[in-house]
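# Coordinate analysis (summary)
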Amino acid sequence: MGQAEWARDLAKELLEQPLPRRWAHTRGVAARAESLAPILGQESDLLTASAWLHDIGYAPQLVDTGFHPLDGARYLRDVHQADDKLVRLVAHHSCAVYEATERGLLDMLNEEFDRERPELVEALTYCDMTTSPDGLPLEVDVRLAEIHSRYGPEHLVSRSIANATPCITSAVRAIQVALANVRPGGAG
């Protein structure tokens, strides 16, 4: 069984029953990750595995700090001794440093988990931030607006997303450019 298959099974176990909408989002993010194989080559399995696992920190039994990237990464590291790259991707996905700052957890996040290569972090951010809560593809600006709407303007997640927007949109654009450059004729 490859890393992505193991990750899918673990995410399904943790998310499908208690958080069906989060599970739908996760399935969509993983499908997006699989579509990036032309630009990731051998790292495609790693990205797909991280896509399956990026939101496991929301699983009720894993919540510790309330910051899902940190809670999920700790679980993968401590319980499953998962691949370091995979754990770092989960810990830092979708410009997580901004929410970590809002929560007063930035030092903890950075002390426990080094950052992974920017290209892989950008790819996971692209997958997450171009997938709706129901698992459907959508544009990044629509996804950001949906997050703001769901949490409301004063919520720390909304504040984090507002601060992270340049990071998120830059990551999405970088992946869109990379995809356009591998498609026949460079057409996006």
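Residues numbered from 1 in each chain as written. Predicted model: local features only at pLDDT ≥ 70, side-chain atom pairs only at ≥ 80, totals over all residues. Heavy atoms only, no water.

Compared with the 39 Å implied by 1.5 Å per residue over 27 residues, the 38 Å span of helix α11 (residues 156–182) between its first and last C-alpha is a close match. Residue A164 marks the point of greatest curvature in α11, where the axis turns by about 55°; the proline P166 follows within four residues. Restricting attention to buried positions, one finds in α11 the residues V157, S158, S160, I161, A164, I168, T169, A171, V172, I175, L179 and A180. Those residues of α11 that are buried are in contact with α2 (20–35), α3 (37–40), α7 (97–103), α9 (118–129) and α10 (140–151). (Helix = DSSP H or I, 4+ residues; strand = E, 2+ residues; numbered from the N terminus. Expected span 1.5 Å × (residues − 1). Bend = angle between axes of the 7 residues up to and from the residue. Buried < 20%, exposed > 50% of the residue type's maximum accessible area, 1.4 Å probe, protein only. Contact = heavy atoms within 4.5 Å.)

Once that is clear, we can look at the pattern of salt bridges. A full pass over the atoms with the stated rule returns 15 salt bridges. D9 is the partner of R8 in a salt bridge, and the nearest nitrogen-oxygen pair spans 3.2 Å. Classification of D9 by relative accessible area gives partly exposed; the value is 34%. Of the charged contacts in the structure, one is a salt bridge between D128 and R143, with a shortest N-O distance of 3.3 Å. With a gap of 15 residues between them, D128 in helix α9 and R143 in helix α10 connect regions that are remote in the sequence. (Salt bridge = Lys/Arg side-chain N within 4 Å of Asp/Glu carboxyl O.)

One pass over the full model with this rule turns up 1 aromatic pair. Lying over the aromatic face of Y58, R22 brings its terminal NZ or CZ to 3.8 Å of the ring centre. (Phe/Tyr/Trp six-rings, centres within 6.5 Å; stacked < 30°, edge-to-face > 60°. Lys NZ or Arg CZ within 6 Å of the ring centre and 35° of its normal.)

With that settled, consider the packing of α9 against α11. Viewed as axis vectors pointing N to C, α9 and α11 meet at an angle of 105°, and their least axial separation amounts to 8 Å. By the angle class used here, α9 and α11 are roughly perpendicular. Two secondary-structure elements touch here, α9 through E119, E122, A123, T125, Y126 and M129 and α11 through I161, I168, A171, V172, A174, I175, Q176 and L179. Counted by class, the contact of α9 with α11 contains 10 nonpolar, 2 polar and 2 charged residues. (Axes fitted to C-alpha atoms, helices over the stretch in contact; angles between N-to-C directions. Parallel < 35°, antiparallel > 145°, perpendicular 65-115°, else oblique. Nonpolar A, V, L, I, M, F, W, Y, C, P; charged D, E, K, R; others polar.)

For α9, with 12 residues, the first-to-last C-alpha span of 16 Å sits near the 16 Å given by 1.5 Å per residue. Among the 12 residues that make up α9, 9 are buried, leaving the element largely enclosed by the rest of the structure. Where α9 is concerned, the buried positions are L120, V121, A123, L124, T125, Y126, C127, D128 and M129. The inward-facing, buried residues of α9 abut α2, α3, α4 (44–53), α6 (84–92), α10 and α11.

Okay, the layout of surface pockets next. Volume-wise, the largest pocket comes out at about 330 Å³. Listing elements by their share of the lining of the largest pocket, those giving two or more residues are α2, α5 (68–80), α7, α9, α10 and α11. Residues belonging to the lining of the largest pocket are distributed by class as follows: 12 nonpolar, 7 polar and 7 charged. The calculated volume of the second largest pocket comes to roughly 260 Å³. (1 Å grid on protein atoms, 1.4 Å probe; cavity = no way out; pocket = protein on both sides within 12 Å on 5 of 7 lines; lining within 4 Å. Points joined across faces, edges and corners; volume = space filled by probe spheres on them.)

With their axes 9 Å apart at the nearest point, helix α1 (residues 3–15) and α2 run at an angle of 160° to one another. One finds that α1 runs roughly antiparallel with respect to α2. When the axes of α1 and α2 are compared, the crossing they make is right-handed. For the pair α1 and α2, the contacting residues are R8, A11, K12 and L15 in the first and P20, R22, W23 and T26 in the second. Looking at the contact of α1 with α2, its residues break down into 4 nonpolar, 1 polar and 3 charged. (Left-handed = near helix turned anticlockwise from the far one by under 90°.)

With that out of the way, let us pick up the nonpolar core. Judged by nonpolar contacts, the single largest core of 55 residues is most densely connected at L36, L53 and I56. Each residue touching L36, except ones within four places of it in the same chain, is listed here: L47, A123, Y126, C127, I175 and L179. (Core = buried A, V, L, I, M, F, W, Y, C linked by side-chain atoms within 4.5 Å.)

By themselves these figures say nothing about function.
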